[in-house]
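Single-letter residue listing:
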Amino acid sequence: MIVAAECEFFLYETHSLKEKRAILQRMLTRARQQYNISIAETDYQDLWQRTGLTLAAVSSSGKVAEREIDRVLNFLMSHSGWEMTSSKKYHL
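Undergrad: Is there a simple way to think about the pattern of salt bridges in this case?
TA: When charged atoms on two side chains of opposite charge get close, those side chains can pair. Counted by the stated rule, this structure contains five salt bridges. Residues E66 and K89 are paired through a salt bridge, measuring 3.4 Å at the closest nitrogen-oxygen approach. In this pair, E66 sits in helix 2 (residues 62-77) while K89 sits in strand 4 (residues 82-91), placing the two residues 23 residues apart along the sequence. Exposure remark for E66: the relative accessible area of 26% places this residue in the partly exposed category. Overall, the relative accessible area of 34% leaves K89 in the partly exposed class. Each of E66, D70 and K89 takes part in a single network of salt bridges with overlapping partners.

Dropping the structure here:
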């Protein structure tokens, strides 16, 4: 079973694309290391205060994959420098 999620964040602490990329690189690397997911920035690459991320988890059980996506979303929301503005989950 594959569970994917798309989410958007507003970044408060960035003042340039360089700062945004540094924060994103750090958070995406941590997410990949700590959780069994794929994650990438898929939207708003040219805006310095917004980002769109897509996550995917694959498991033999849909519940396990969804739980992993939820854990990653909670991890991402725990960063104080940004706020999640929207998210959608997909079961494939």
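Undergrad: Help me out: how do you make sense of the packing of aromatic side chains in this one?
TA: Two descriptors summarise a pair of aromatic rings, namely the distance from one centre to the other and the angle between the planes of the rings. Enumeration according to the criterion identifies three aromatic pairs in this entry. Taken together, a centroid distance of 5.1 Å and an interplanar angle of 70 degrees make the contact between F10 and Y12 edge-to-face. We classify F10 as partly exposed; its relative accessible area is 29%. Residue classification places Y12 among the partly exposed residues on the basis of a relative accessible area of 42%. Each ring, one from Y35 and one from F75, has its centre 5.8 Å from the other, and the planes form 55 degrees; the classification is tilted. Of the two residues, Y35 sits in the loop between helix 1 (17-34) and strand 2 (38-43) while F75 sits in helix 2, which places them 40 residues apart along the sequence.

Procedures and definitions
- Residues numbered from 1 in each chain as written.
- Predicted model: local features only at pLDDT ≥ 70, side-chain atom pairs only at ≥ 80, totals over all residues.
- Heavy atoms only, no water.
- Salt bridge = Lys/Arg side-chain N within 4 Å of Asp/Glu carboxyl O.
- Helix = DSSP H or I, 4+ residues; strand = E, 2+ residues; numbered from the N terminus.
- Buried < 20%, exposed > 50% of the residue type's maximum accessible area, 1.4 Å probe, protein only.
- Phe/Tyr/Trp six-rings, centres within 6.5 Å; stacked < 30°, edge-to-face > 60°.

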